[in-house]
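# Secondary and tertiary structure notes
For reference, the chains in residue letters:
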Amino acid sequence: MSFLLQKTKSDRVVDFILYTSMVMFGLATLFPLYYVVVMSITPITEVLKHGGFVVIPEKITLEAYKFIFSSDRVPNALKITILVTTVGTFLNVLVTMLLAYPLSKKFLPGRNYVLMGIVFTMLFSGGLIPLYLVVRATHMLNTIWALVIPGLVSSFNMLIMKTYFENLPAEIEEAAKVDGCSDMQTLLRIVLPLSMPIIATLGLFYGVGHWNAYFAGVMYLTDKDMMPIQVVLRNMIISPSVSQELNVTSQDMQQLPPETVKMATVVVAIIPILIIYPFLQKYFVKGMLIGSIKG
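Residues numbered from 1 in each chain as written. Predicted model: local features only at pLDDT ≥ 70, side-chain atom pairs only at ≥ 80, totals over all residues. Heavy atoms only, no water.

This part is about helix α5 (residues 111-123). With 13 residues, α5 extends 19 Å between its outermost C-alpha atoms, agreeing within 8% with the 18 Å of an ideal straight helix rising 1.5 Å per residue. Looking at the packing, one finds that the buried side of α5 touches α4 (73-103) and α7 (155-167). (Helix = DSSP H or I, 4+ residues; strand = E, 2+ residues; numbered from the N terminus. Expected span 1.5 Å × (residues − 1). Contact = heavy atoms within 4.5 Å.)

Given below as structure tokens:
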């Protein structure tokens, strides 16, 4: 027997307010991205005609994208960013998993002291200067390892993965040990396949962090050929001359305003994340719900 609930007038008013608020919030979130894309493909004559603000362009041009890819700086920065994101995310997830799995076992000697030390690092740190001195002493300056090793493990992500491992049925691991599996074999053959949601979630966290990171590049890199895309974009924004930052002559930019080139670079920098995220979204939600820290 089914029941049809009739909404009252006040319910419909509340629904209208909620839906309208969500639509307005969504538009407010998407409009800056839309504006950046529009400005990157709008001819300069039309931009000047409308006073620098174009919502729907009458004509479309890809000259800004052709320009930034004709320079070696942006393609090389993309290669560095892709390399750092790929290698860094793999090592981040690997080391986090190898640390979280043994700490999820309550019989591990000294487990509580190790966890206390890890939580302590979430509250206090040595500071930027000691970190820079360590990176310099280990000869990682002007290398991709300076962008990967200092932030190899996130304490917060490790605790999430540890909680996920603790929620896995203990009977499965016990059955694997009865069959003769070692701890490493149990981790690789049993635990790892069951942990794909949390691995995808933390991989997304680490990957987005590496892709958007620019502060480490500013601190540890002086060689422009080693700079990732976010550092190049940051230098373009603060530099008085975009052509100098892209290592091209000013004559090449006579038909392109600096703002259009900056907008095109922003679009190039965010597109890869927008493409990858939908494929990981289903794992993202599940992993956060199952691996969330319970009080």
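A complete count under the given rule lists 5 aromatic pairs for this structure. Ring geometry for phenylalanine 31 versus tyrosine 34: centroids 6.3 Å apart, planes at 40°, classification tilted. Placement of the pair is phenylalanine 31 and tyrosine 34 together in helix α1 (residues 9-41), with a separation of 3 residues, close to one helical turn. For phenylalanine 31, a relative accessible area of 37% translates into the label partly exposed. Residue tyrosine 34 is classed as partly exposed on the basis of its relative accessible area of 36%. For the pair tyrosine 101 and phenylalanine 165, a centre-to-centre distance of 5.7 Å together with 85° between the ring planes defines the contact as edge-to-face. Separated by 64 residues along the polypeptide, tyrosine 101 in helix α4 and phenylalanine 165 in helix α7 bring together distant segments of the chain. With relative accessibility at 8%, the residue tyrosine 101 sits in the buried group. (Phe/Tyr/Trp six-rings, centres within 6.5 Å; stacked < 30°, edge-to-face > 60°. Buried < 20%, exposed > 50% of the residue type's maximum accessible area, 1.4 Å probe, protein only.)

Attention now moves to the pattern of salt bridges. This structure, assessed with the given rule, holds 4 salt bridges. Residue glutamate 63 is joined to lysine 66 by a salt bridge in which the shortest nitrogen-to-oxygen separation is 3.9 Å. Taken together, the residues glutamate 63 and lysine 66, both in helix α3 (residues 63-70) and 3 residues apart, mark about one turn of the helix. Looking at glutamate 63, the relative accessible area reads 41%, which means it is partly exposed. With a closest N to O distance of 2.9 Å, lysine 162 and glutamate 166 form a salt bridge. Placement of the pair is lysine 162 and glutamate 166 together in helix α7, with a separation of 4 residues, close to one helical turn. Since its relative accessible area comes to 9%, lysine 162 is described here as buried. (Salt bridge = Lys/Arg side-chain N within 4 Å of Asp/Glu carboxyl O.)

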